[in-house]
Amino acid sequence: MVSKANEKKLKKISLSRRKFLKLSALTGAAIGANKILGPFDHPTAFPLQKNTQDVLEEKWLTTSCLNCPARCAIRVRTVNDKAVKITGNPLSLDSDGKVCPRAHIGLQVLYDLGRIHSPLKRMNQEKGKGIDPKWVPISWDQALNEVTQRLKSLRERVQPHKLLLFEGLNTVSSEDMILRFAHAFGTPNLISGKGLDTETEKSGNWMADGHYTETAYDLDHTNYILAFGADVLESSKTLARFLRKWGKLRREKPNRTKVVVINPRYSLTAAKSDEWIPIHPGTDGALGLAMGSVIISENLYDRDFINRWTTGFDSYKKLVLSQYSPKDVSKIIGIAPEVIQRIAREFAQTQPAIALRGRESIAWPNGSYTSYAIFCLNALVGSIDIPGGILYQENPKYKELPPPLEDEIARKGKAHPSLDFRGTDKFPAAEIVTNQIPESLLETVPYPIEMAMGFNSNFNMVAPSTERWDKALKKLPFYVHISPFISEMALYADLVLPSTTYLEEWGYDHSPPGSGFAEVRIKQPVVKPLGEVRSIIDIVFEMSRRLEGGPAKSFANMGDHSEGFVKFRTETLMPWKEFLVKGVWTGRDYEYKKYGHIFNTPSKKFEFYSGNLKSLVSKMRRGTEKDYNYLPSYKEAKFLGDKEKYPLVLLPYQPLLVIENGSQNYPWAQEIFLPMNGVGWETLVEINNETAKTLKLKDGHLVWVESPFQKIKARLKCSEGVHPSVVVIPFGQGHYSYGKWQKGIGVNPNDIIGVDYDTLSGQAAFFNTRVKVYKV
């Protein structure tokens, strides 16, 4: 909902495209001049506003960003111990020394006026949205004593499994510590935000090549990109790498790479591509299989690769030729057969080529099979482990940690099933089904949770059906939240422990798969921590020491504090002092065509008929083999809501400047929040012009968007860049917890999205909720 105050603000910042471009240039110039924009009213936001006659002590320090999972290498300029500028680290090969616009927001993350600087204890025992927790500050010793006494009680009663850990976006080093703590303490319940994001991509890969991981692409050498629902210039991982390589692919090659975007929404990526194909929502798998039919029927596939390094091709061939002809599939996806044939031929004949998958194509109930179908296109044309094709990410070789000491209490705790009901019936490396956790907490099955801890998590903002997360969090007997600020999830905490931002802490990081070669980034404090904040690594160390026994022994001889731990883990890569100066360690050059040992499948080859899935199903205690398909397949999307009552499909998306740390309280990010629309500080509801006429709606109307579950209100934007059957709403707004730069601004589409998930991987489904739109 847009308040009157915000309406006045919006009128002031209403921009034409010309003015918007000028603003962008001015913003960049201001960053370069080390000025912080925005009407701040706090002295720490003006690090250079001292007497100009004072001596200026300038430093450049290396660290890494954490405004998204890419974790890019950066350099930070400080003047008199104040951070004033962020740039890319030129030694980073992963992003060619560049950063995306999110990196610059790091200054406002550090100097956020809403940060907390000491532990807080809740005095109001009533919990709920809009209820004042009545925080009072307490000492770290008091806070940690209360936390560890409750943890000790669980272990004394041999019930460590009744501890639940939530994990949001953290450094790789913090993730390692949190996982180790879960093992040492004895809980099987570590809930990661990754379960909301990339699980269907991973499972599609696992069915084909046996690797349960995201995909790396050789963007430097590819000549054709087919992007299925992939917003490579907005939210794909790793974003800075995609942005830099886009420039190379499109402007720095003799023959520029062709890009075709398949998406019901005219995204920023589509606007910069050669062709936009607005298929019906949820039909990407059918298109992928139809392309396979064309490539095989016209003998355009790579016979040598297929014959030598794949299995199951004959079954796949029979499937696509008999069931997925372009003529039949055109009726499903809404695109002419000739277009399907043309892009299939282009993809096969413009080598090397890659088929990308994004969340808008695969975060669906049948997303794993769609992911599998699209991934198989790369194998059909031989774009596996070649220059310009799919790569197999090499991981950095950190110094090995000794196995955690899992004492008898820990072993008994981990013997219990996890809260997602599935026990061991899941992919070998799959995340717990995050989307099922609220139901487990509300129904207290398979057992009640007595205590929970959240590490930079904010699930009641980023997960579908936020209301059920609110209800589940309200029911937790005792919740500890660890974060630099009071997020929506922190509002339900009994204790809040203030953690450092990524510019104040020690750590190590590496990107999700992208480059193929390994690269590690150091994370070191560029300024002294503000207030009494502590890093997550140091908090875990201290909790473990106070718990004594198995947990304490599991964290012994690993450095004892965050700097020591990071040094311990990275000392095998490069000398410590050199690492602090350079900030980046890069592994050996990528080696192509490792076919003899890259496939982790029963056949040791790429599989069009998944032996991994067949083997797993044969061991499972649920369902039968008849319930599963071992070939790529398309199933008509299951939508939530009656089509007659809710005729449109909600298609949320993530804009470029959504900061993924759980907060949006940053004026720079807000000012240019929706670059395709040239506006900021709000949420827009976009529908097709013709759809708007049918509904008797006009540009600028305040409208309700109602699903079978909830409704939200925002301003309407009519556009030709939206499929007639969908409603487009951005993620990132709708915060209500804290901050003058985010609280009460815009709406959150997750409020009205229903609960569904991919049955194989557990990935949350974000795009199958039906809605209706009407004027307020």
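Residues numbered from 1 in each chain as written. Predicted model: local features only at pLDDT ≥ 70, side-chain atom pairs only at ≥ 80, totals over all residues. Heavy atoms only, no water.

**Focus on the overall build of the protein**
Okay, step 1: In terms of helices and strands, the protein carries 27 helices and 27 strands.
Okay, step 2: Across the 776 residues that make up the protein, the buried fraction comes to 63%.
Okay, step 3: For the protein, the proportion of contacts with a sequence separation of at least 24, taken over those separated by at least 6, is 75%.
Okay, step 4: Total accessible area on the protein stands at roughly 29,100 Å², and carbon and sulfur atoms take up 52% of it. (Helix = DSSP H or I, 4+ residues; strand = E, 2+ residues; numbered from the N terminus. Buried < 20%, exposed > 50% of the residue type's maximum accessible area, 1.4 Å probe, protein only. Contact = heavy atoms within 4.5 Å. Areas by Shrake-Rupley, 256 points an atom, 1.4 Å probe, with all protein chains shown as cover.)

**Looking at the nonpolar core**
Okay, step 1: Judged by nonpolar contacts, the single largest core of 85 residues is most densely connected at I295, F347 and L380.
Okay, step 2: The greatest single-element share of this core, amounting to nine residues, is contributed by helix 16 (residues 367-380).
Okay, step 3: Excluding its chain neighbours within four sequence positions, the residues that come into contact with I295 are L300, Y301, A344, F347, A348, L377, L380 and V381.
Okay, step 4: The next biggest cluster of nonpolar side chains, apart from the first, holds 65 residues, and it includes L419, V496, L674 and V703. (Core = buried A, V, L, I, M, F, W, Y, C linked by side-chain atoms within 4.5 Å.)

**Points about the environment of P749**
Okay, step 1: Relative to the helices and strands, P749 resides in the loop between strand 26 (726-730) and strand 27 (770-775).
Okay, step 2: In this structure P749 comes out as buried when scored by relative accessible area, which is 0%.
Okay, step 3: In this structure, the C-alpha to C-alpha distance between P749 and V685, residues 64 residues apart in sequence, is 9.9 Å.
Okay, step 4: Discounting residues that sit within four places of it in the chain, P749 has contacts with L650, P652, I712, I729, P730 and F731.

**Digging into the packing of aromatic side chains**
Okay, step 1: Per the counting criterion, the structure on display carries 30 aromatic pairs.
Okay, step 2: Measuring from ring centre to ring centre gives 6.3 Å for Y392 and F599, while their planes differ by 85 degrees; the resulting arrangement is edge-to-face. Linking Y392 in the loop between strand 14 (390-391) and helix 17 (408-414) with F599 in the loop between strand 20 (584-586) and strand 21 (606-607), this pair joins segments that are 207 residues apart in sequence.
Okay, step 3: Of the aromatic side chains, those joined through ring pairs into one cluster are Y301, F305, W309, F313, Y316, F375, Y392, Y595, F599, F606 and F608. (Phe/Tyr/Trp six-rings, centres within 6.5 Å; stacked < 30°, edge-to-face > 60°.)

**Observations regarding the packing of helix 10 (residues 284-297) against helix 13 (residues 326-333)**
Okay, step 1: Their axes nearest at 10 Å, the elements helix 10 and helix 13 cross at an angle of 165 degrees. In terms of their interaxial angle, helix 10 and helix 13 are classed as roughly antiparallel. Helix 10 and helix 13 meet at a crossing whose hand is left-handed. Contact residues: A286, L287, A290, S293 and V294 in helix 10; P326, V329, I332 and I333 in helix 13.
Okay, step 2: Among the residues forming the contact of helix 10 with helix 13, the class breakdown is eight nonpolar, one polar and no charged. (Axes fitted to C-alpha atoms, helices over the stretch in contact; angles between N-to-C directions. Parallel < 35°, antiparallel > 145°, perpendicular 65-115°, else oblique. Left-handed = near helix turned anticlockwise from the far one by under 90°. Nonpolar A, V, L, I, M, F, W, Y, C, P; charged D, E, K, R; others polar.)

**Focus: the confidence of the model for the protein**
Okay, step 1: This prediction gives the protein a mean pLDDT of 89; 90% of its residues lie at or above 70.
Okay, step 2: For the stretch residues 1-51, pLDDT sits under 50, and the model shows 58 contacts to residues farther than four places along the chain or on other chains. (pLDDT = per-residue confidence, 0-100.)

**Looking at the sheet that holds strand 1 (residues 58-64)**
Okay, step 1: Taking strand neighbours across the sheet as the criterion, the three strands line up as 1-2-3 in an open arrangement whose pairing is antiparallel. Only two strands of the sheet have a single neighbouring strand rather than two, namely strand 1 and strand 3 (82-88). Direction aside, the axes of adjacent strands within the sheet are offset by 30 degrees on average.
Okay, step 2: Taken together, the seven bridges between strand 1 and strand 2 (residues 73-79) define a ladder with antiparallel strand orientation. The residue of strand 2 that forms the bridge with T62 is R75. (Pairing = 2+ DSSP bridges.)

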